[in-house]
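Residues per chain are reported as follows:
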Amino acid sequence: MNKTKDNLNPSDSYDVIVVGGGHAGCEAALAASRLGCRTLLLSLNLDMVAYMACNPSLGGPGKGHLVKEIDALGGEMPRVADQNTLQVRTLNTGKGPAVQAMRAQIHKWNYQRTMRLALEQQNNLTVREDMAEKVETDESGIKGIRGRSSAFYPAKAVVICSGVYLSARLFLGDHRYDAAPGSLTPSKNLANCLKELGLTLERFKTDTPPRVYRRSIDFTNLNPVYGDPDAPGFSIVTQKAPDQQIPCWMTHTNPKTHEIIKNNFSQAPLYSGLIKGSGPRYCPSIEDKIYRFTDRDRHPIFIEPEGTDTDEVYLQGISTGLPPDIQTKFLRTIEGLENVEIMRPAYAIEYDFAPPTQLKVSLETKAVPGLFLAGQVNGTTGYEEAGAQGLIAGINAAMYIENHEPLVLKRSEAYIGVMIDDLVTRGVMEPYRIFTSRGEYRLLLRQDNADLRLTEKSREIGLIDEIRYQKHLVKKVFIETELARLEKTKYNPGGPIEDFLSNHNSSLPKQPISALELLRRPEINYPAYLVWENKKVPDLPRGTLRELENQIKYAGYIAKQGMAIEKTSRMQDKKIPEDFDYRRAKHLSTEARQKLEKIRPDTIGQASRMEGVTPADLSVLLLYLERPEALGQANNNYKQTKENEIEEN
Ligand SMILES: Cc1cc2nc3c(=O)[nH]c(=O)nc-3n(C[C@H](O)[C@H](O)[C@H](O)COP(=O)(O)OP(=O)(O)OC[C@H]3O[C@@H](n4cnc5c(N)ncnc54)[C@H](O)[C@@H]3O)c2cc1C
């Protein structure tokens with residue numbers, strides 16, 4: 001692809017500026033430019049675009065679902081991941097389809113290069129190295145960005161995707177200094193500017209494990225973990241898992257390791273009180289694990305490759321804030337790591353984030369029209385969470401420019417919808433990561449049906465390219481026609497189907513039965529049925545047959561969840577006007593009134609998920625929405641009461 005609107009002159013005006021070339025920023029910039037906006041991506045160091053600051057992997061339950069949804073909406077992360085996969089597996093294959101999820105080890109540096117090339121080759125997009133120091137505004141809204149280079153970049157909308165860089169501070173034991181991942185400069189001026197613009201910032205912390213030399217590990221007694229050659233890629237356009245997959249390896253901590261760590265708790269910045277910010281409870285450091293799970297005498301460690309052309313490997317499961325000499329000491333108690341040499345010591349990092357209740361569901365800030373925030377700056381953790389938010393913020397920045405309605409996904413439509421609703425409605429007490437358990441309609445939000453749920457939505461706004469759309473259509477049309485064919489195919493008692501059923505220990509029909517009904521039985525599997533039928537299927541996107549089988553086997557449960565959504569959706573989707581005056585809704589409880597005023601939910605559904613808003617408050621709110629004149633009445637009563645109070649005083 002060639003650039004059509006090359007735009008390297010900083011005095012030119014942009015529609016959208018994206019600050020930060022991390023996982024959120026890349027998706028935001030690509031989405032806005034693909035939707036036709038003149039877009040500038042400003043990042044601190046262009047060699048660090050799409051840098052994986054922690055584990056060289058993508059996916060897992062919830063996270064894998066997000067990557068599939070990013071693909072379904074036309075994002076880049078899944079395609080880039082598939083081109084740079086070292087190993088891929090489907091997790092939870094022994095469980096139901098709702099929680100099965102792909103996880104891939106990624107060639108870290110090649111991932112960055114591929115993503116950077118996608119940015120460089122994108123029409124309407126200019127990539128530029130500079131540090132954003134100030135978002136300039138006037139009474140009409142956003143004016144642009146002032147860079148550290150002193151250049152001014154005019155724009156109508158800005159998406160901040162600055163990750164953990166706002167006022168970041170690194171800790172190696174009790175040694176600390178101001179720095180961001182990759183030893184880059186933290187963003188202090190941008191943090192101050194966001195505060196001046198009326199945003200509140202708070203502190204979180206996270207840590208990372210040590211990276212070590214592969215050649216210093218003794219693999220003799222370690223268990224390999226192999227990939228799955230049949231796992232589909234993240235993207236619907238990928239047809240094949242990599243031919244040669246590289247194994248990961250497994251080892252464990254032991255009581256000796258734990259003893260060294262316990263004896264040095266006082267040197268871990270979180271325990272010594274040096275770090276005040278909360279860390280991710282679901283991704284704890286090894287100190288946290290030993291402190292919290294006292295009954296466990298071992299914790300697993302996965303040794304993961306970072307690439308095919310590097311000797312550096314990643315130790316998943318052992319992130320720590322302890323000093324480097326203690327890291328070496330406890331690592332050397334672990335089987336296989338007796339002579340291990342550290343290449344990059346583990347570190348902890350503390351940083352500012354903007355509590356996400358300051359955002360609308362579109363990810364636009366409530367304080368500044370045209371200013372959007374996405375990624376770890378919103379208090380989340382994870383590449384996938386960041387990428388998904390970046391995509392939505394990039395789309396909605398483009399919608400803002402065009403004066404169109406924002407793209408808002410419901411909780412019943414996507415994990416992206418679940419995540420954004422959780423963030424803007426409930427806020428975060430610790431770094432937020434997605435889990436399938438966060439969704440109430442898990443069976444509807446399967447990884448294999450992400451494109452069936454979302455691709456048409458993205459097509460409507462113009463983000464889906466033709467290749468991706470055609471793949472989606474092939475899958476969709478095949479599933480629809482095949483379901484209809486199976487329903488029409490009938491078998492009579494005593495026919496040849498009985499041999500097939502007996503071979504699968506399945507009861508024989510007493511009356512005519514359709515193939516669809518037979519396939520609902522747990523013991524009858526669809527690929528085996530196709531073989532018996534001697535039917536060839538066309539070349540299909542990977543995962544199509546599994547999705548078809550899920551739709552057959554779980555039809556009852558899926559229909560039930562669909563009915564539950566329909567039942568509640570009329571009330572849930574009821575819009576609350578942006579300027580609704582909660583102070584005049586007299587019969588709300590004081591707690592609900594204060595919280596509603598602060599969060600300003602978009603819909604009754606969003607209000608219902610807020611802490612402190614009771615069913616009684618919702619009935620009152622519905623009453624006011626249905627009879628707006630009651631607000632006036634309430635207002636008169638309120639005014640009268642106030643006047644009486646003043647008179648009495
Ligand atoms: C130590 C550590 C451990 C982590 N552990 C895990 C983990 O175990 N599991 C997990 O899922 N995730 C983990 N993460 C989180 C993961 O790395 C992030 O969630 C993810 O990278 C966030 O993506 P992002 O795009 O929001 O920000 P980032 O990937 O941090 O990207 C931010 C980008 O913004 C740029 N930038 C910042 N300020 C400016 C500015 N003023 N001007 C221009 N450019 C700017 C930076 O250069 C960078 O390119 C960890 C992160 C760190 C740092």
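All of these numbers come straight from a predicted model, not from anything done at the bench.

The rules we used
Residues numbered from 1 in each chain as written. Predicted model: local features only at pLDDT ≥ 70, side-chain atom pairs only at ≥ 80, totals over all residues. Heavy atoms only, no water. Helix = DSSP H or I, 4+ residues; strand = E, 2+ residues; numbered from the N terminus. Rg over C-alpha atoms; globule rule 2.2 N^0.38 Å. Buried < 20%, exposed > 50% of the residue type's maximum accessible area, 1.4 Å probe, protein only. Contact = heavy atoms within 4.5 Å. Areas by Shrake-Rupley, 256 points an atom, 1.4 Å probe, with all protein chains shown as cover. Lys, Arg positive; Asp, Glu negative; His and termini not counted. Charge placed at Lys NZ, Arg CZ, Asp CG, Glu CD. Domains from an automatic or database assignment. Buried area = accessible area lost by both parts, 1.4 Å probe. Salt bridge = Lys/Arg side-chain N within 4 Å of Asp/Glu carboxyl O. Polar contact = N/O pair within 3.5 Å; in protein donor to acceptor, adjacent residues only side chain to side chain. Phe/Tyr/Trp six-rings, centres within 6.5 Å; stacked < 30°, edge-to-face > 60°. Pairing = 2+ DSSP bridges. Near = heavy atom within 4 Å. Core = buried A, V, L, I, M, F, W, Y, C linked by side-chain atoms within 4.5 Å. Arc of directions from axis to C-beta. Axes fitted to C-alpha atoms, helices over the stretch in contact; angles between N-to-C directions.

Quick look at the overall build of the protein chain
1) Next: The number of helices and strands found in the protein chain is 22 helices and 22 strands.
2) Next: By the compact-globule yardstick of 26 Å for 649 residues, the protein chain fits well, its C-alpha radius of gyration being 27 Å.
3) Next: Residues classed as buried in the protein chain amount to 56% of the 649 residues present.
4) Next: The long-range fraction of contacts in the protein chain, counting pairs at least 24 apart against all pairs at least 6 apart in sequence, stands at 73%.
5) Next: Of the roughly 28,100 Å² of accessible surface on the protein chain, a fraction of 48% belongs to carbon and sulfur atoms.
6) Next: Charge separation in the protein chain, taken as the distance between the mean sites of 83 positive and 84 negative side-chain charges, equals 2 Å.

Considerations on the domain arrangement of the protein chain
1) Next: Annotation of the protein chain at the domain level lists domain 1 (14–57 + 110–206 + 351–434), domain 2 (211–348), domain 3 (482–565) and domain 4 (574–648).
2) Next: Between domain 1 and domain 4, the C-alpha centre-to-centre distance is 33 Å.
3) Next: Summed over both sides, the interface of domain 1 with domain 4 buries roughly 760 Å², with 48% coming from carbon and sulfur.
4) Next: Counting the surface domain 1 buries against domain 4, the share from its top three residues, Lys366, Thr425 and Arg426, is 48%.
5) Next: In this assembly, domain 1 and domain 4 are joined by two salt bridges.
6) Next: Linking Asp421 and Arg609 is a salt bridge whose minimum nitrogen-to-oxygen distance equals 2.4 Å.
7) Next: Run the count over domain 1 and domain 4 and you get five residue pairs in polar contact (both at pLDDT 80 or more).

Points about the side chain of Asp82
1) Next: Structurally, Asp82 can be placed in helix H3 (residues 77–83).
2) Next: Buried within the structure, Asp82 lacks any salt-bridge partner; Lys68 is the closest side chain of opposite charge, at an N-O distance of 7.2 Å.
3) Next: Residues within four places of Asp82 in sequence aside, it is in contact with Gly233, Phe234, Ser235 and Thr238.

Points about the packing of aromatic side chains
1) Next: Under the counting rule described, the total for this entry stands at 11 aromatic pairs.
2) Next: Relative to Trp532, the ring of Phe500 lies with its centre 5.4 Å away and its plane at 35 degrees, an arrangement referred to as tilted. Residue Phe500 is found in helix H14 (residues 497–503), and its partner Trp532 is found in helix H16 (residues 526–533); the two are separated by 32 residues along the sequence.
3) Next: Linked through ring pairs, Tyr491, Phe500, Tyr529 and Trp532 together constitute an aromatic cluster.

With respect to the pairing of strand E9 (residues 152–160)
1) Next: Of all the nine residues making up E9, seven are buried; the element is thus mostly covered by neighbouring parts of the structure.
2) Next: One ladder, built from five bridges, connects strand E1 (residues 14–19) with E9; its direction is parallel. Across the sheet, residue Ile17 finds its bridge partner in E9, namely Val158.
3) Next: Two elements, strand E8 (residues 141–147) and E9, share three bridges in a ladder whose sense is antiparallel. If you follow Gly144 over to E9, its bridge partner there is Pro154.

Considering the site of the ligand
1) Next: The immediate surroundings of the ligand are formed by 36 residues, with Ala24, Ala132, Ser187, Gln376 and Gly382 found nearest.
2) Next: Take Cys161: an N or O atom from its main chain is 3.4 Å from an oxygen atom of the ligand.
3) Next: Coverage of the ligand by the protein amounts to 95% of the 990 Å² it exposes when considered alone.
4) Next: Of all elements in the fold, only helix H1 (23–34), strand E2 (39–43), strand E12 (202–208), strand E19 (347–353) and helix H10 (383–401) reach the threshold of two or more residues within the shell around the ligand.

Re the nonpolar core
1) Next: If you look at the biggest cluster of nonpolar residues, it comprises 116 residues, and the most contacted ones within it are Ile17, Tyr111, Val159 and Leu371.
2) Next: In terms of residue count, the dominant contributor to this core is H10 (10 residues).
3) Next: Of the domains in this structure, domain 1 (14–57 + 110–206 + 351–434) and domain 2 (211–348) are the two that each give at least three residues to this core.
4) Next: With residues near it in sequence (within four places) discarded, Tyr111 still touches His23, Ala50, Met52, Leu58, Met77, Val80, Ala81, Asn84 and Ile106.
5) Next: Of all hydrophobic cores here, the second largest spans 21 residues; its members include Ile301, Ile318, Leu331 and Leu337.

Overview of the pattern of salt bridges
1) Next: On inspection of all chains with the given rule, the structure shows 43 salt bridges.
2) Next: For Asp138, the salt bridge identified is with Lys143, shortest N-O distance 3.5 Å.
3) Next: Via salt bridges that share partners, Arg411, Asp421, Asp422, Glu440 and Arg609 belong to a single interconnected network.

What to know about helix H5 (residues 188–196)
1) Next: Those residues of H5 that fall on the buried side of the exposure criterion are Leu190, Ala191, Cys193 and Leu194. Mapping the buried residues of H5 onto a view down its axis gives an arc of 160 degrees, with all of them on the same face.
2) Next: Buried residues along H5 sit in contact with E1, strand E7 (132–138), E9, E19 and strand E20 (371–373).
3) Next: Just downstream of H5 lies Gly198, where phi reads positive at about 105 degrees.

Some remarks on the sheet that holds E12
1) Next: Taken in spatial order, the four strands of this open sheet run E11-E10-E19-E12, and their pairing is antiparallel. The open sheet terminates on both sides in strands that have one partner only, identified here as strand E11 (175–177) and E12. Averaged over all neighbouring strand pairs, the angle between strand axes comes to 20 degrees, with direction disregarded.
2) Next: With seven bridges joining them, E12 and E19 adopt antiparallel strand pairing. Across the sheet, the residue bridging to Thr206 is Ile349, located in E19.

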